[in-house]
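Given next are the chains, with one letter for each unit.
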Amino acid sequence: MTHPDRDHLVLLALDDQEPGAADTAHLDSCADCREELESLRAVAGLGREAAAETALPPVAEAVWERIAAETGQPSLVAARETAESGDDADRRDVPRPRFGRAVRYGVVAAAAAAVAAVVTVVLTGGGPDEGRVIAQAQLNRQVAAPAEAAGQVRIIDSGGGSLRLKLELTGMPAPAGLYEIWLYDGKTTMIPLGVVAGTDADVAIPHTLTLQAFPIVDVSAQQLGQQEHGTSMVQGTLRVEGP
């Protein structure tokens, strides 16, 4: 059986359109591709939910520098210095590095989840009225993590069916790329929720997911631009709290 490549499935998820006849026939007969498309659509939906928020903080220059280094693009700082060293008549704003379609789509899932995480933090802000804890998990060290690595997760119901995942990590080294949070069904499907900034994270859980179907929280080490799940660092199973 010939499967569509992942870039094609990403495009289908981003376009939010019904697949063509050939894709539909394949998806009807291939559970793996069908689950992959559903997972990608769930992540793309996070980005659409965040699209109305226009006051997001700008992406730090250091992030662009790390992406440029990973993808072989010119350094933004070096390009700006080169431009500023010329004559005044030739000076102009140096644009952000442009990356090819494969690279852009390579980070789309993590980017969408990261945008949703930023929006969650901006809009909710935490505080004493942050909501009710409905589940918790102790994240235990996995093989690739240092001996002291651990984590604590709380699932917060902030009302109206909106759930957030709050994470605290301890004993984790600075990542070569980034740490990403996933919900895992314990079988074949993992859904990325967002990236960890420092040792804490506060991310939204898509309305399309349930804790019963995805009871495991995983934090993985990812290379920049890496689409698939990387290396598990800490992981644990959620315990649903009583009423």
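Whatever comes next refers back to the structure up there.
Calculation notes
- Residues numbered from 1 in each chain as written.
- Predicted model: local features only at pLDDT ≥ 70, side-chain atom pairs only at ≥ 80, totals over all residues.
- Heavy atoms only, no water.
- Buried < 20%, exposed > 50% of the residue type's maximum accessible area, 1.4 Å probe, protein only.
- Helix = DSSP H or I, 4+ residues; strand = E, 2+ residues; numbered from the N terminus.
- Pairing = 2+ DSSP bridges.
- Polar contact = N/O pair within 3.5 Å; in protein donor to acceptor, adjacent residues only side chain to side chain.
- Core = buried A, V, L, I, M, F, W, Y, C linked by side-chain atoms within 4.5 Å.
- Contact = heavy atoms within 4.5 Å.
- Salt bridge = Lys/Arg side-chain N within 4 Å of Asp/Glu carboxyl O.

*Asks:* Is there a simple way to explain the pairing of strand β4 (residues 178-184) in this structure?
*Replies:* Where a strand is regular, its side chains alternate between the two sheet faces. In terms of residue burial, β4 counts as a mostly covered element, since seven of its seven residues are buried. Neither face of β4 is open: one carries Leu178, Glu180, Trp182 and Tyr184, the other Tyr179, Ile181 and Leu183, and all of them are buried. Bridge analysis of β4 against strand β7 (residues 216-222) gives seven bridges, and the strand direction is antiparallel. Bridging across to β7, tyrosine 179 finds its partner in alanine 221. Bridge analysis of β4 against strand β5 (residues 190-195) gives five bridges, and the strand direction is antiparallel. Pairing of tyrosine 184 across the sheet is with methionine 190, part of β5. The turn linking β4 back onto β5 is made up of five residues, and glycine 186 within it adopts a positive phi angle of 85°.

*Asks:* Is there a simple way to explain the side chain of glutamine 222 in this structure?
*Replies:* By the element assignment, glutamine 222 lies in strand β7. Separated by 2.6 Å, the side chains of glutamine 222 and serine 220 make a polar contact.

*Asks:* Sorry if this is basic, but what is going on with the nonpolar core here?
*Replies:* Burial of nonpolar side chains together is a common tendency in soluble globular proteins. Grouped together as the largest cluster of nonpolar side chains are 31 residues, with contacts concentrated most on Val153, Ile155, Leu165, Leu167, Ile181, Leu193 and Ile205. Those residues in contact with isoleucine 181 that sit more than four places away from it in its chain are Leu165, Leu167, Ile191, Pro192, Leu193, Gly194, Val196, Ala201, Val203, Val217 and Asp218. Val10, Leu12, Cys33 and Leu40 belong to the second largest nonpolar core, which has nine residues in total.

*Asks:* What is the right way to look at the pattern of salt bridges in this model?
*Replies:* Two side chains carrying opposite charge are able to pair once their charged atoms lie near each other. All chains considered together, the criterion is met by two salt bridges. Between arginine 132 and aspartate 157 there is a salt bridge, with its nearest N and O atoms 3.9 Å apart. Placement of the pair is arginine 132 in strand β1 (residues 132-141) and aspartate 157 in strand β2 (residues 150-157), with a sequence separation of 25 residues. The class of arginine 132 is partly exposed, set by a relative accessible area of 46%. In this structure, the salt-bridge partner of arginine 164 is aspartate 202, at a minimum N-O distance of 3.1 Å. Of the two residues, arginine 164 sits in strand β3 (residues 163-170) while aspartate 202 sits in strand β6 (residues 200-205), which places them 38 residues apart along the sequence.

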